[in-house]
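Close look at the chain arrangement
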Amino acid sequence: KHYKELAYMGFIPVLLHLRTIFANMKRCKEDIVTWQPDVLILVDYPGFNLDIAKFVHANTRIPVFYYISPKIWAWKEYRIKNIKRDVDELFSILPFEVEFLKGSTGIRYIMSAIRQWIEVTAFLASSSETFDDFVRANGLSAKPVIALLAGSRKQEIKDNLPDMLRAAASFPDYHWCWPVLRVFPRVLQRYVGGVDVKIIFNKTFPLLRQAEAALVTSGTATLETALFRVPQAVCYHTPIGKVIAFLKRHILKVKYISLVNLIANREVVKELVADTMTVEQVRSELNRILYDKEYRRQMLEGYEYMASCLGEAGAPKHAAREMVALLRRREE
């Protein structure tokens, strides 16, 4: 089965597909027991994988390895006890997770899969493309470029793009480029109609290679932007912002929400979240990023420190070697 047959998001879609979800989960468990593999390797996707781990631990003697830890450092900390009970070895690609999860199971930091992915993809995407090549290919003039990374889901775009575009109106000397991976015709028409923004399809990395700055919805994109050394403001709008801000201060177990700051364990980039995500705040932060040379220098210096925290690339191969070595030791 492909995981997309279980990856439904939102309460209503999950409710409508419960029968399919449960049937596929049952089939997966039965298949593991029938096949009896030497090891079960789970990758991310905790909603599905932790349930599978619980079943396998309770009903078989198959060792369970987990590659790319669930993001329980943000919330759902209660899952630590499930990992400790059901997972034999945990392989993390983010260094700060090791300290957070210490003692919960056999946890190993396996360098950075994300760093390798960014470096390889960036090289393949546009290693020789110049700024002139980029603007010519996308029908732009020679004005400098700012990237709008408003998320990949409709809800993220709906929540974040309008304020980003309103802030963009204060910077007419720059091209504003929105890289779109999937076409949402109604979203494009609703938010971009009449606004001076260039939509670029399937060229996020080439855009980041040329951008002077970026407004980025929190997620992996913040780390991608940092590894391309593009100064950024992290923007994440939420409804009832003051309530969410209160919950963030009192419920989240970490000080930051962006991977850049989490990895560096300090504020490298400004996080405009919930009640601080306003047009005026975005405009003010972007003004500093573009025109305050010392501020830009400090942010870029912070990127270098963050990158050093990630370590070297090569996580997938290194994790595979570690897993094979662990299995061989079990056989001795």
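Scroll up for the structure.
Reference entry: report on the structure contained in this document. For every chain, the first residue of the written sequence is number 1, and numbering continues from 1 onward in sequence order. Under the rules for a predicted model, residues below a pLDDT of 70 receive no local features and side-chain atom pairs below 80 are neither given nor counted, while totals for whole chains, interfaces and linings still include all residues. Hydrogens and waters are ignored; side-chain quantities use all the structure's heavy atoms.

Helix and strand counts for the chain stand at 16 helices and 10 strands. Out of the 332 residues in the chain, the part that is buried amounts to 48%. Considering only intrachain contacts with a sequence separation of at least 6, the fraction spanning at least 24 residues in the chain is 63%. As displayed, the chain has an accessible area near 17,900 Å², and 54% of this comes from carbon and sulfur atoms. Secondary structure elements are defined from DSSP: runs of H or I of at least 4 residues count as helices, runs of E of at least 2 residues count as strands, and each element is numbered from the N terminus. Buried residues are those whose accessible area, probed at 1.4 Å on protein chains only, stays under 20% of the maximum for their type, while exposed residues exceed 50% and partly exposed ones sit between those limits. We call two residues in contact when some of their heavy atoms are within 4.5 Å. Each accessible area is a Shrake-Rupley estimate made with a 1.4 Å probe; only the visible protein chains count as cover when residues are assessed.

Before going further, it helps to examine the sheet that holds strand S8 (residues 213-217). At least two DSSP bridges between two strands are needed for those strands to be called paired. Pairing within the open sheet is parallel, and its six strands lie in the order S7-S6-S5-S8-S9-S10. Edge strands, defined here as strands with exactly one partner in the open sheet, are strand S7 (198-201) and strand S10 (270-273). The sheet shows a mean angle of 25° between the axes of neighbouring strands, taken without regard to direction. Every axis in this analysis is a line fitted to C-alpha atoms, fitted for helices over the stretch in contact. Angles between the N-to-C directions lie between 0 and 180 degrees.

We now examine helix H4 (residues 79-86). Of the residues making up H4, those classed as buried are Arg 79, Ile 80, Asn 82, Ile 83 and Asp 86. Looking straight down H4, one finds that the buried residues subtend no more than 160° of arc, so they occupy a single side. The exposed residues of H4 that point more than 90 degrees off its buried face are Lys 81 and Lys 84. The reported arc concerns the directions from the helix axis to the C-beta atoms and nothing else.

In this text, buried Ala, Val, Leu, Ile, Met, Phe, Trp, Tyr and Cys residues form a nonpolar core when linked through side-chain atoms within 4.5 Å. Counting 58 residues, the largest nonpolar core has Leu 148, Trp 176, Leu 215, Ile 263 and Met 306 as its most contacted members. If you tally residues by element for this core, the top one is helix H15 (residues 293-310), at seven residues. Residues in contact with Trp 176, not counting those within four places in the same chain, are Ile 146, Leu 148, Ala 168, Phe 171, Asp 196, Val 197, Lys 198, Leu 215 and Leu 286. Listed in part, the 16 residues of the second largest apolar core include Ala 147, Ile 200, Leu 208 and Val 216.

Let us now look at the pairing of strand S9 (residues 232-236). The buried fraction of S9 is high, at four of five residues. Relative to S9, S8 runs parallel, the two sharing four bridges. Residue pairing for S9: Thr 217 is matched across the bridge by Cys 235. Viewed with both strands pointing away, a crossover whose connecting path from the first strand over the helix to the second turns clockwise is right-handed. Taking the sense of rotation as the criterion, the β-α-β connection linking S8, helix H11 (residues 220-227) and S9 turns out right-handed. Relative to S10, S9 runs parallel, the two being bridged by four bridges.

In this structure, Tyr 45 is a non-glycine residue whose phi angle is positive, near 45°. Topologically, Tyr 45 is positioned in the loop between strand S1 (40-43) and helix H3 (46-59). Here the phi dihedral of Asn 265 falls at roughly 60°; this positive angle occurs in a residue that is not glycine. Here Asn 265 is to be found in the loop between helix H13 (259-264) and S10. A residue is classified by how much of its surface remains accessible, and Asn 265, at 52% relative accessible area, is exposed.

Further remarks concern H15. In a helix, the anticipated span is given by 1.5 Å times the number of residues less one. In this model, H15 (18 residues) spans 26 Å end to end at C-alpha, consistent with the 26 Å of a helix rising 1.5 Å per residue. All of the buried residues along H15 are Tyr 295, Arg 296, Met 299, Gly 302, Tyr 303, Met 306, Ala 307, Cys 309 and Leu 310. The arc that holds the buried residues of H15, viewed along the axis, is 150°, so those residues lie on one side. Between a side-chain oxygen at the N-terminus of H15 and the backbone nitrogen of Glu 294 the separation is 3.2 Å; the capping residue is Asp 292. Under this definition, polar contacts are N or O atom pairs within 3.5 Å; protein pairs additionally need one hydrogen-donor-capable and one acceptor-capable atom, and for neighbouring residues in sequence, both atoms have to be side-chain atoms.

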